[in-house]
Amino acid sequence: MKRTSHQSTSEQHRRLRTDAKIEIELFCIQKLHRELSYTAESNDKLLNFNQMKGRKQRSAIDAVLNLVHDAQMVKSWENTLICLLLDVKEVFDHVALKQLIKILIKLKISVNLINWVKCFLQNWVIDLAFDDERQKSKKISTEISQDSSISLILFLIYIWYLFSKIRAKFENLQSFSYIDDVTLYVERRNIDKNVKILKNAAKIAFTWAENNAVQFDDAKSELIHFESQKTTLNQMIILLNNMIIKSKTCVRWLEVWLNRKLNFKVHVQTKIATVTRTLHSLFRIMNSEWELNVKSEKQLYLTCITSISDYDVEIRWNNQKSYLVKFRKLQNAALRKILSAFRTSSIDAMQIEVEISSMKMQLDQKCKNYAIQIVELSKKHSIRKRTFISYSF
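Here is a short report on the structure shown in this document. These figures come from a predicted structure and were not determined experimentally.

### Some words on the pattern of salt bridges
At step 1: For the coordinates displayed, the defined rule picks out eight salt bridges.
At step 2: Two residues, Lys-271 and Asp-312, come together in a salt bridge whose shortest N-O distance is 3.3 Å. Of this pair, Lys-271 sits in helix H8 (residues 265–286) while Asp-312 sits in the loop between helix H9 (294–309) and helix H10 (313–316), and the two are 41 residues apart along the sequence. As far as burial versus exposure is concerned, Lys-271 and Asp-312 are alike and both buried.
At step 3: Taken together, the shared-partner salt bridges in this structure form one network comprising Lys-271, Asp-312 and Arg-316.

As structure tokens, then:
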């Protein structure tokens, strides 16, 4: 009995030491993340203001809205915007440690922070345990961990020189990135010049990628013209690897379908189809023997349906009646199902009973909330820079 007690006590001590070690490591990672985030936000030369994700108050909605805003402004000036969408292949597997350290040194990052990055990328060990038999820890060589929040900022710093080189060569060319999704676009009246500039910018991007162990996924590279002409432009770009990218009438970027006229017709159709499939699945649950009450069915609707229909409203909603009618029909069908009401029941009464506002009010409120967020953004934010100087509440 004493021996067993002694073994259990030592096992508890060992587990306590392991837990304490994990807590210390997590604390160091969180501290490194805060330090990198603060340095990136306070230093304009460390990150491009158009680099999204992994940074405070920068989302996929912001990235798409930047592109849509610029394209709509160009259309109002009767110009043409040509956009090249690139996708970095296997993001976290193509970050060379030596190259990253060189970049951090060039950017004059503190020595302590550089040492932390080295430790984070190099000192990895693996422990294997099978049937209570534990092997000795072994050092392993791995790339940036995808599960860590630090990895996002490190990759943004790693590709910073790509945007600085393009910007130094072409002043009129704009560039955005959302982690592995890179967007290059230029706006001018002369379409041939636009294609030529974008082709040269693509050469710089692919040359930089080759020199820094980064690869672009050719299958996901796309080209689109944003213009208001009736005829579709059939321009193309030939990359360094002789890959031909032809112009498309509609592309998907960050889960948003963008067509050349920016009327979001394809995107809304896709959204309606997704909401309809999800709603029918909910109807099957509501018809089951579980006998859900009104409160539970309402919660299911808000969680599964509203989260889909309200996403990216800030980008596509402009009081389009045709789009409003389609979403309103789906919400009315859900209200009748939740309350087990007749088809002729009053919609206003059902909305009051379930405490769900009308579809138009939901869409308008979503846009108003985003407008309030814009006021609170930093002046260096890409969305804030595209807002009128007099914009305030």
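Back to the text.
### As for the nonpolar core
At step 1: Counting residues in hydrophobic clusters, the biggest one holds 53 residues, and the most contacted among them are Val-64, Leu-67, Leu-81, Cys-83, Phe-226, Leu-258 and Ile-315.
At step 2: Considering each element in turn, this core owes the most residues, nine residues, to helix H2 (residues 60–76).
At step 3: The residues touching Val-64, leaving out its near neighbours within four places in the chain, are Trp-253, Leu-254, Val-256, Leu-258 and Ile-315.
At step 4: Listed in part, the 52 residues of the second largest apolar core include Val-95, Leu-104, Ile-159 and Ile-237.

### Brief notes about a positive patch on the surface
At step 1: Where like charges cluster on the molecular surface, the positive patch consists of Lys-98, Lys-102, Lys-106 and Lys-165.
At step 2: By residue number, the principal contributor to the positive patch is helix H3 (residues 97–106), which donates three residues.
At step 3: Position of Lys-106 among the secondary structure elements: in helix H3.

### Here we look at the packing of aromatic side chains
At step 1: Going through the model one piece at a time under the given rule, you end up with four aromatic pairs.
At step 2: With a centroid separation of 6.0 Å and an interplanar angle of 10 degrees, the aromatic rings of Phe-176 and Tyr-185 are classed as stacked.
At step 3: Of the residues examined, Phe-176 reaches a relative accessible area of 1% and is grouped as buried.
At step 4: Above the ring of Tyr-161, the side-chain terminus of Lys-106 is found at 5.6 Å from the ring centroid.
At step 5: Over the ring of Phe-283 we find Lys-337; its NZ or CZ atom is 5.8 Å from the centre of that ring.

### A look at the sheet that holds strand E7 (residues 174–178)
At step 1: Strand order in the open sheet formed by seven strands is E1-E7-E8-E2-E9-E11-E10, with mixed pairing between adjacent strands. Each end of this open sheet is capped by a strand with a single partner; those strands are strand E1 (51–52) and strand E10 (236–238).
At step 2: Sitting on the sheet, H2 is in contact with E1, strand E2 (80–87), E7, strand E8 (181–188) and strand E9 (222–226), with an inclination near 155 degrees to E2.
At step 3: Each of E1, E7 and E8 is contacted by helix H6 (residues 160–169), which is oriented at about 170 degrees to E7, the strand it contacts most.

Calculation criteria
- Residues numbered from 1 in each chain as written.
- Predicted model: local features only at pLDDT ≥ 70, side-chain atom pairs only at ≥ 80, totals over all residues.
- Heavy atoms only, no water.
- Salt bridge = Lys/Arg side-chain N within 4 Å of Asp/Glu carboxyl O.
- Helix = DSSP H or I, 4+ residues; strand = E, 2+ residues; numbered from the N terminus.
- Buried < 20%, exposed > 50% of the residue type's maximum accessible area, 1.4 Å probe, protein only.
- Core = buried A, V, L, I, M, F, W, Y, C linked by side-chain atoms within 4.5 Å.
- Contact = heavy atoms within 4.5 Å.
- Patch = residues over 30% accessible without salt bridge, like charges linked within 9 Å, V, L, I, M, F, W, Y side chains within 5 Å.
- Areas by Shrake-Rupley, 256 points an atom, 1.4 Å probe, with all protein chains shown as cover.
- Lys, Arg positive; Asp, Glu negative; His and termini not counted.
- Charge placed at Lys NZ, Arg CZ, Asp CG, Glu CD.
- Phe/Tyr/Trp six-rings, centres within 6.5 Å; stacked < 30°, edge-to-face > 60°.
- Lys NZ or Arg CZ within 6 Å of the ring centre and 35° of its normal.
- Pairing = 2+ DSSP bridges.
- Axes fitted to C-alpha atoms, helices over the stretch in contact; angles between N-to-C directions.

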